[in-house]
Amino acid sequence: MTKKQPEVIGWREWLGLPDLGIPAIKAKVDTGARTSALHAYYVTPFDKDGKPWVRFGLHPLQKDSLTCIECEEPVKDVRRVTDSGGHSEQRVVIDTTLLINGISMTIEVTLTDRENMRFRMLLGRSALKQGFWVDSGKSFLLGGNKNQPAMASL
């Protein structure tokens, strides 16, 4: 049985998060981050059938605070995360489906306010080790450009 070669992706790529109703979101592929992070401008924990859930809102497009998606997901964990600037915060962790280049997989995502960041999502190492190599000198190897995705690649 031959082992499948890893998919090569750039440091910026368009991804889909179908469980969250996000057909396309531009992500920074961040090999320095262990867990992927998703922009959430509000995060509200609640109980559903005796289990922890979270309701959150996100703006999936850069420089666009008018496009809003509201989601509800089961809470997988709550973790202390330290960002690249050394700031530490408690974050809710959820599992969701990632769609990239026709490949679907479940990944962990932390929810945090990324309103003032260039990217609404970071794709971290734990997702990348499921079969991706990163060419840090390239962007959008899977198609599209900085303004729009190639929908066929999602």
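Quick notes on the rules
The written sequence of each chain sets the order in which its residues are numbered from 1. Given that this is a predicted model, residues contribute local features only at a pLDDT of at least 70 and side-chain atom pairs are listed and counted only at 80 or more, while totals for whole chains, interfaces and linings are drawn from all residues. Heavy atoms from the whole structure form the basis of all side-chain values; hydrogens and water molecules are not counted. Classification of residues uses two cut-offs on accessible area relative to the type maximum, computed with a 1.4 Å probe and protein chains only: under 20% is buried, over 50% is exposed, and between them is partly exposed. The secondary structure listing takes helices from DSSP runs of H or I that are at least 4 residues long and strands from runs of E that are at least 2 residues long, numbered from the N terminus. A pair of strands is treated as paired once DSSP finds two or more bridges between them. The working definition used for a salt bridge is a side-chain nitrogen of Lys or Arg within 4 Å of a carboxyl oxygen of Asp or Glu.

### Thoughts on the pairing of strand β7 (residues 69-74)
Residues I69, C71 and E73 line the buried face of β7, whereas the alternating positions E70, E72 and P74 sit on a face that is not buried. Two elements, strand β6 (residues 51-58) and β7, share six bridges in a ladder whose sense is antiparallel. Opposite V54, over in β7, you have E73 as the bridge partner.

### Points about the pattern of salt bridges
Counting across every chain of the model gives eight salt bridges. Here K76 and D95 are joined by a salt bridge, their closest N and O atoms 3.4 Å apart. On the criterion of sequence distance, the pair formed by K76 in the loop between β7 and β8 (77-82) and D95 in strand β9 (residues 88-100) is long-range, its members being 19 residues apart. Judged by its relative accessible area of 32%, D95 falls in the partly exposed class. In this structure, R91 engages E89 in a salt bridge whose closest nitrogen and oxygen atoms are separated by 2.8 Å. Taking relative accessible area as the criterion, E89 reaches 31% and is therefore assigned partly exposed.

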